[in-house]
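Structural features, examined
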Amino acid sequence: MSKKQIIIEPDPILRKKSFDLEKVDDELRKLMDDMLETMYAAPGIGLAAVQIGILKRLIVIDISKEENKKNPLFLVNPKIKYKSENTSLYEEGCLSLPGHFAEIERPAECHIDYIDYKGKKKSLKADGLLATCIQHEIDHLDGVLFIDYLSKLKKEMIIKKLIKHKKETSKIIL
Ligand code: K2U
Ligand code: ZN
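My aim in this report is to walk through the structure given alongside it, one point at a time. These numbers come from a predicted model, not from an experiment.

Roughly 390 Å³ of volume is contained in the largest pocket. Considering the residues around the largest pocket, the lining is formed by 23 residues, among which Gly44, Ile45, Gly93, Cys94 and Leu95 are closest to the centre. Considered class by class, the residues forming the lining of the largest pocket number 11 nonpolar, 9 polar and 3 charged. In this structure, the second largest pocket encloses a volume near 240 Å³. Surrounding the second largest pocket, Gln5, Ile6, Ile8, Pro98, His165, Lys166, Thr169 and Ser170 form its lining. Per-class residue counts for the lining of the second largest pocket are 3 nonpolar, 4 polar and 1 charged.

Structure follows, in structure tokens:
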């Protein structure tokens, strides 16, 4: 397994739509393993393939808090089939927007169809943080970031700060 570089906003690839996968094979499972290792190391509770520069509709999630009770979810070609009317508020962050957090309102419950790590068709009903995380990650597959739900002013302020962050970190000579 290997950790991958996470792409930081602003970057045009984060605004592109990802493509469905044709099949789940060992090569894809290796990519899912690498994404999971990258996510745990960040650390994060979710990661979409586009965040490591791969335009495939592929997500890994693990909202378990305990270090020794990992419970990863591998979502291939996830499709939202239902979103509840009632909503919930969570403070969201994103590994592609380091250091920025905001309260985002989303449907409190969602149902998805997807293909799992072994290539089997599955369905999942999610609420709470899992529902929020699934919607956050599927947004990534459509080129949408959580800052898109903020006011123009707040979004532009965050992007300006990220441009400065990228300039400063790109100067660090290892
Ligand atoms: O897309 C990402 O970078 C994954 C986010 C997942 C997330 C989605 C919704 C709400 C919170 C997080 C990262 O894991 S950001 C790191 C993080 C972890 C736990 C709570 C908040 C932020
Ligand atoms: Zn994100």
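Positionally, Ile104 belongs in strand β5 (residues 102-107). Overall, Ile104 belongs to the buried group, its relative accessible area being 2%. C-alpha of Ile104 to C-alpha of Leu150: the two residues are 46 residues apart in sequence and 8.1 Å apart in space. The contacts of Ile104, once residues within four sequence positions are left out, are Ser88, Leu89, Tyr90, Glu92, Phe146, Tyr149 and Leu150.

Before going further, it helps to spend a moment on the site of ligand 1. Around ligand 1 lies a shell of 14 residues, among which Ile45, Gly46, Leu95, His136 and Glu137 are the nearest. A distance of 2.9 Å separates an oxygen atom of ligand 1 from a polar side-chain atom of His136. Within the side chain of Glu137, an N or O atom sits 3.0 Å from an oxygen atom of ligand 1. Protein coverage of the free-state accessible area of ligand 1, which is 470 Å², stands at 84%. Judged by its atoms lying within 2 Å of the grid points, ligand 1 is housed in the largest pocket. Tallied by class, residues from the shell around ligand 1 come to 5 nonpolar, 7 polar and 2 charged.

With that settled, the discussion passes to the side chain of Asp116. One can find Asp116 in the loop between β6 (109-115) and β7 (121-127). On the basis of relative accessible area, Asp116 is assigned to the buried category, the value being 10%. At a separation of 2.7 Å, a polar atom in the side chain of Asp116 contacts the main-chain amide nitrogen of Lys120. With sequence-adjacent residues up to four places away left out, Asp116 is seen in contact with Val24, Phe74, Val76 and Lys122.

Quick look at the pairing of strand β3 (residues 73-83) now. By the bridge criterion, 4 bridges tie strand β2 (residues 58-61) to β3 in an arrangement that is antiparallel. From the neighbouring strand, Ile59 faces β3, where its bridge partner is Leu75. By the bridge criterion, 5 bridges tie β3 to β6 in an arrangement that is antiparallel. Bridge pairing in β6 links Tyr82 to His111.

What follows deals with the packing of aromatic side chains. Aromatic rings considered in pairs are described by the distance between their centres and by the relative angle of their planes. Counted by the stated rule, this structure contains 1 aromatic pair. On the basis of an interplanar angle of 50° and a centroid distance of 4.7 Å, the ring pair of Phe74 and Tyr117 is categorised as tilted. Here Tyr117 lies in the loop between β6 and β7 and Phe74 lies in strand β3, a separation of 43 residues in the sequence. For Phe74, a relative accessible area of 13% puts it in the buried group. The ring of Tyr40 carries Lys70 above its face, with NZ or CZ at 4.2 Å from the centroid.

Parameters at a glance
Residues numbered from 1 in each chain as written. Chains lettered and ligands numbered in written order. Predicted model: local features only at pLDDT ≥ 70, side-chain atom pairs only at ≥ 80, totals over all residues. Heavy atoms only, no water. 1 Å grid on protein atoms, 1.4 Å probe; cavity = no way out; pocket = protein on both sides within 12 Å on 5 of 7 lines; lining within 4 Å. Points joined across faces, edges and corners; volume = space filled by probe spheres on them. Nonpolar A, V, L, I, M, F, W, Y, C, P; charged D, E, K, R; others polar. Helix = DSSP H or I, 4+ residues; strand = E, 2+ residues; numbered from the N terminus. Buried < 20%, exposed > 50% of the residue type's maximum accessible area, 1.4 Å probe, protein only. Contact = heavy atoms within 4.5 Å. Near = heavy atom within 4 Å. Polar contact = N/O pair within 3.5 Å; in protein donor to acceptor, adjacent residues only side chain to side chain. Areas by Shrake-Rupley, 256 points an atom, 1.4 Å probe, with all protein chains shown as cover. Sits in = over half its atoms within 2 Å of the grid points. Pairing = 2+ DSSP bridges. Phe/Tyr/Trp six-rings, centres within 6.5 Å; stacked < 30°, edge-to-face > 60°. Lys NZ or Arg CZ within 6 Å of the ring centre and 35° of its normal.

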